Amino acid sequence: MKAWQLLAAILLALLPGCGYVDDNPRAVRIVAQAYLDALRKHDAAAVCRVLAPEVEAAIAVGRTCETNLPVHWLRTYPALRAGAVREVSGPSGNPRFDVTVVGRRGGNLTLGRYGSVWHVVDSGGLTR
Amino acid sequence: MRVPSGRRRARPRGLVPLAVVLVAPLVGVLVVRAPLMNNLAYRDPWFYSGYAWTLAHHVEIFGWFYYSVRFPVILPIRWMTDLFGPVTGYIVLRYLILVGTGAVLFACFRRFASVAVSCAAVALLAMSSFYLRMVLWDYTSFVAVPCCIAGVALWLMSSVRGRVGWQFTVAGALLGVAVFANALSLSVVAALLLVEGLAVLRRGLPELARFTVRCAAAAVGGLIVFLGGYLAYRAYLGAFRLSDIVSPSVEFLRQNNQLAAPLQRPVSEFLRGEPRVYAPVLLSIAVVIVLGRRLFADDLPARIAQFSVAYVALLWLYRFAVTSSVIETWWAYNMTAVSTAFGLPLVAHGLSVRSAGRWKPVLLAAALLGTALTSFVVRTADVRTVIASNYVKTHLWLLLLILGAGAVLTLALRLRWTPARTAAAGAFFAFFAAVSLIPATYIGINEPGEFAPDSRAEYLGYRAAYDMSKLLEGRDQPSSRILLWTTLVGLPLIGWTDLPHQGGAIFSPETPPTALNTLDPYELSFVRYPTTRGLLVMSEDPADMTRALAALRGAHIAASVRRRGSWADGHLHYELVYLASNR
């Protein structure tokens, strides 16, 4: 009986894990905020840097992302803040997070992990 | 008090096999001159080392890829490293695996063979170059192959006795460990079930019921392993979904054809250029020839022989039926070690049974000496072996001559005159060892048996990789990345411990830098990435440290060195550089 109790105690100890905290939502928020800041400054290089490879390639058709980007962005952007981060379903091996944009009604940003780095997959209507 | 005579005899009988099982791995490594570590020339083993050493870090940074879910590979490395440190843990783990597999193989052969033959089985396994190479690195095979051998042995030992109990749960657990470690182990399970299925057909309906119960018991064993792995991962990672560790493997299996296709080579290419692939085929033919009609009996030696032959046949069939590269890639084809572990001692046993009493030990000695001496000579000859192998690969007539000689030797195992048969046995085992050691042509390192050429570099690299991983653990977080900047030559291949999917470095894997004196736009974009906090600069050239800092200054990026030093006895220099936030 004691052996079973010991086993149960070990299993219970295993279940919660050892103080592991997922830092990915924080990383997502940092990248989202960098994206919002770059949009406000109309800093094409900084925007392109954080875009997902396929999004960057779609914008760069014929030239470079930095050159073509001004066609896609709005004339001015207010100071926006990355808010709540929520995991959403994504393609296999490519997790996705949605980030609410504080101070703006409407679409959220969607970010995906490529390799080990988070990139903006969907601007939520912030670019055309 | 008088000790019963039977008991007096039993003692040394038990001690000798124990000594053989314990010492055989050491003798095997010495005879084959096998380096204990063989990771440096390959990328994949490092992924598992990396996941094992810093599991939470890797899963958090790189996510659930199929490398990460192979818990039977990752957990033992982790536990042994925690207990003994990286290098000693690695060696102790290999020793335990080699001893454990040898012990199970001994028990299996002891059911029908003499102590001497059973000990020979252990020794032949310990000297098998295919087997040793698969165990002596951190790739999945170091778990998959031994567990397949032990699982198959345990299953067959119990099934021929008509049992249905816990043995199959243990066998299922061992095979489950192998499958969760490497999905190619499913081919072993398929061969086992094929052989067992045929036996069921012969034995009739009651056996079908027993077979069903055995499969269910084995499935329970597999499930226990899976749940055990899940709980152990939870201890390191906290709560996560079961699907997180299932779906990457399912996806991997689904994409198997796509993944294997680029590795495929034309059939003529590997038939002519990879003589090593003939060794297990020739052994299978030898098993058939030596056992003769006994191959179709319904007992343990026959069942083992059927499995041994069926597995090699199945692997070849698989190569041609499905898009795969199991013959041309040596690390996949070395899975035949599961077959040869049984095949070689079966040939020795079959020949021994047919020999007169005084010839039995001579025959076993011939088999063991043939294997040992050839392995030692071929490995010692090293460069000359490589030159000779290359000559064989480029001269078809020579290859055909060698294969012809192998066929003659195999047929000679049927000779009636015992001295001639004994000589043929010695020559056959020597031939098998020599052909097995021929270097692989395709994605090989041009070394006999594909063993690493420089043992010292392996130890240094392994220890340095561990130190590097531990330096990054805790500092490298998803929101504050420490990315690698290194030249991909020599020891820095250990950088792969932090590079599953090329995710931990600033440079493009297509254009790795040869010196760290400049940052191209691709590298700069990673340096300026909002989540990048610092760089771990590594190079064998100490001047690269100064050059790297100059390159950062040249790109107007303020940086400060937080830590500098060297690993690998001063061969690998590093600097942990933190970057200014306004870059």
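Up top is the structure.
The written sequence of each chain sets the order in which its residues are numbered from 1. Throughout, the order in which chains and ligands are written sets their labels, letters from A for the former and numbers from 1 for the latter. Only residues with pLDDT of 70 or above have their local features reported here, since the model is predicted, and side-chain atom pairs are shown and tallied only from 80 upward, although totals for entire chains, interfaces and linings are computed over all residues. Where side-chain values are given, they derive from all heavy atoms of the structure, hydrogens and water being excluded.

1. Let's talk about the overall build of chain A
Helix and strand labels come from DSSP, where a helix needs a run of H or I of at least four residues and a strand needs a run of E of at least two; each type is numbered from the N terminus. For chain A, the helix and strand inventory stands at five helices and four strands. Written out in order from the N terminus, the α and β elements of chain A read α-α-α-α-α-β-β-β-β. Only protein chains enter the accessibility calculation, which uses a 1.4 Å probe; a residue whose area is less than 20% of its type maximum is buried, one above 50% is exposed, and one in between is partly exposed. The proportion of buried residues among the 128 residues of chain A is 40%. Sequence-distant contacts in chain A: of pairs separated by 6 or more residues, those separated by 24 or more amount to 44%. Only heavy atoms matter for contacts: two residues are in contact if any of them lie within 4.5 Å across the pair.

2. Quick notes on the pairing of strand E3 (residues 109-114) of chain A
All names here are of chain A. Counting buried positions over the six residues of E3 gives six, a clear majority of the element. The alternating pattern of E3 places Leu109, Leu111 and Arg113 and Thr110, Gly112 and Tyr114 on opposite faces, both of which are buried. Strands were regarded as paired on the criterion that DSSP finds at least two bridges between them. As paired elements, strand E2 (residues 96-102) and E3 share four bridges and run antiparallel to each other. When the sheet's bridge partners are listed, Arg96 is paired in E3 with Gly112. Counted along the chain from E2 to the antiparallel partner E3, the turn is six residues long, and its residue Gly103 has a positive phi close to 90°. Note: E3 against strand E4 (residues 117-122), five bridges, orientation antiparallel. Its bridge partner lying in E4, Gly112 is registered against His119. Hairpin remark: E3 followed by E4, antiparallel, with two residues in the connecting loop; positive phi at Gly115, about 70°.

3. Structural notes on the nonpolar core
Ranked by internal contacts, the top residues of the largest apolar core, which has 227 residues, are Tyr35(A), Phe307(B), Trp485(B), Leu536(B) and Leu552(B). Element by element, the count of residues in this core is highest for helix H8 (residues 141-159) of chain B, at 13 residues. When sequence neighbours within four positions are dropped, the list of residues in contact with Phe307(B) reads Val152(B), Leu156(B), Val188(B), Ala191(B), Leu192(B), Val195(B), Val338(B) and Phe342(B). Counting seven residues, the second largest nonpolar core, distinct from the first, contains Val21(B), Val99(B), Phe106(B) and Ala126(B). As used in this record, nonpolar core signifies buried Ala, Val, Leu, Ile, Met, Phe, Trp, Tyr and Cys residues forming a set joined through side-chain atoms within 4.5 Å.

4. Notes on the pattern of salt bridges
Residues and elements named next belong to chain B. We define a salt bridge as a contact between a side-chain nitrogen of Lys or Arg and a carboxyl oxygen of Asp or Glu at a distance within 4 Å. One pass over the full model with this rule turns up 22 salt bridges over all chains. Linking Glu251 and Arg254 is a salt bridge whose minimum nitrogen-to-oxygen distance equals 2.7 Å. One end of the pair is Glu251 and the other is Arg254, both in helix H12 (residues 242-254) and three residues apart, which spans about a single turn. Between Arg564 and Glu575 there is a salt bridge; the shortest N-O distance is 2.9 Å. One end of the pair, Arg564, is in strand E3 (residues 559-567); the other, Glu575, is in strand E4 (residues 572-579), and 11 residues separate them in sequence. With a relative accessible area of 56%, Arg564 lands in the exposed category. The network of salt bridges with shared partners includes Glu196, Arg203, Glu207, Arg210, Arg214, Asp298 and Arg303.

5. A look at the sheet that holds strand E2 (residues 532-539) of chain B
Residues and elements named next belong to chain B. Spatial strand order, E1-E2-E4-E3: four strands in an open sheet with mixed pairing. Of all strands in the sheet, those bounded by a partner on one side alone are strand E1 (481-486) and E3. Between one strand and the next, the sheet's axes are offset by a mean angle of 20°, whatever the strand orientation. Pairing of E1 with E2 involves six bridges; the strand directions are parallel. Within the sheet, the bridge partner assigned to Trp485 lies in E2 and is Val537. For every element, the axis is a line fit to its C-alpha atoms; helices are fit only across the contacting stretch, and the angle between N-to-C directions ranges from 0 to 180 degrees. Sheet strands in contact with helix H23 (residues 455-472) are E1, E2, E3 and E4, and its direction is about 155° off that of E3. Against the sheet, helix H25 (residues 543-554) engages E1, E2, E3 and E4, with an angle of about 20° to E4.

6. Considerations on the packing of aromatic side chains
Residues and elements named next belong to chain B. Note on ring pairs: Phe, Tyr and Trp rings are taken, using the six-membered ring of Trp, and paired if centres are within 6.5 Å. Classes follow the plane angle, with under 30 degrees stacked, over 60 edge-to-face and the rest tilted. Across all of its chains, the model carries 35 aromatic pairs over all chains by this definition. Considering the side-chain rings of Phe307 and Tyr311, the 6.1 Å spacing of their centres and the 5° angle between planes classify their relative orientation as stacked. Placement of the pair is Phe307 and Tyr311 together in helix H16 (residues 300-321), with a separation of four residues, close to one helical turn. As far as the burial class goes, Phe307 and Tyr311 line up, both buried. Centre to centre, the rings of Trp330 and Trp331 are 5.9 Å apart; their planes meet at 85°, and the pair counts as edge-to-face. The pair formed by Trp330 and Trp331 is uniform in burial state, with each residue classed as buried. Taken together through their ring pairs, the aromatic side chains of Tyr42, Phe47, Tyr48, Tyr66, Tyr67, Trp137, Tyr139, Phe252, Trp330 and Trp331 make up a single cluster. The ring of Phe252 has Arg70 sitting right over it, with the charged end atom 5.2 Å from the ring centre. Here the guanidinium or amino end of Arg133 rests over the ring plane of Trp137, the centre of that ring lying 4.3 Å away. Distance and angle both matter: a charge sits over a ring if NZ of Lys or CZ of Arg is within 6 Å of the ring centre and within 35 degrees of the ring normal.

7. Let's talk about the packing of H8(B) against helix H18 (residues 337-353) of chain B
Residues and elements named next belong to chain B. Between H8 and H18, the least distance of the axes is 9 Å, while the angle of their chain directions is 50°. In terms of axis orientation, H8 runs oblique to H18. When you trace H8 past H18, the crossing you get is right-handed. When H8 is examined against H18, the residues Val145, Cys148, Ile149, Val152 and Ala153 are found in contact with a partner set consisting of Ala337, Val338, Ala341 and Phe342. Each residue receives one of three labels: charged for Asp, Glu, Lys and Arg, nonpolar for Ala, Val, Leu, Ile, Met, Phe, Trp, Tyr, Cys and Pro, and polar for the others, Gly being one of them. Of the residues in the contact of H8 with H18, the class split is nine nonpolar, no polar and no charged. The labels follow the angle: roughly parallel below 35 degrees, roughly antiparallel above 145, roughly perpendicular from 65 to 115, and oblique for the rest. Crossings are classed by handedness, with left-handed meaning an anticlockwise turn of the near helix from the far one by less than a right angle and right-handed meaning a clockwise turn.

8. As for the interface of chain B and chain A
Contact residues are listed per partner, giving 29 residues for chain B and 27 residues for chain A. Taking both partners together, chain B and chain A bury about 2200 Å²; carbon and sulfur atoms supply 59% of that area. Throughout, buried area stands for the accessible area (probe radius 1.4 Å) lost by two parts on being put together, summed over both. Its largest share of buried area at the contact with chain A, chain B owes to Glu60(B), Ser479(B) and Tyr529(B), together 26% of the area lost on that side. For the pair chain B and chain A, the interface holds zero salt bridges. Residues adjacent in sequence count toward polar contacts only when both atoms are side-chain atoms; beyond that, a polar contact is any pair of N or O atoms within 3.5 Å, and within protein one must be able to donate a hydrogen and the other to accept it. Along the contact surface separating chain B from chain A lie nine residue pairs in polar contact (both at pLDDT 80 or more). Secondary structure elements with two or more residues in the side of chain B that touches chain A: helix H3 (55-62), helix H11 (205-237) and helix H24 (521-527) of chain B. Per-class residue counts for the side of chain B that touches chain A are 14 nonpolar, nine polar and six charged.

9. Considerations on a nonpolar patch on the surface
Candidates for patches are residues over 30% relative accessible area with no salt bridge; among them, like charges are joined within 9 Å and nonpolar side chains (Val, Leu, Ile, Met, Phe, Trp, Tyr) within 5 Å. Per-residue and other accessible areas were derived by the Shrake-Rupley procedure at a 1.4 Å probe size, with only the shown protein chains allowed to occlude residues. Residues Leu15(B), Leu18(B), Leu22(B), Val23(B) and Val27(B) make up a contiguous nonpolar surface patch of roughly 410 Å² in combined accessible area. By the secondary structure assignment, Leu22(B) is in helix H1 (residues 5-32).

10. Here's the deal with H3(B)
Residues and elements named next belong to chain B. The buried fraction of H3 amounts to seven of the eight residues, a majority that puts the element mostly inside the structure. Every buried residue belonging to H3 is among Leu55, His57, His58, Val59, Glu60, Ile61 and Phe62, and all of these are buried. Immediately downstream of H3, the backbone of Gly63 shows phi near 80°, a positive value.

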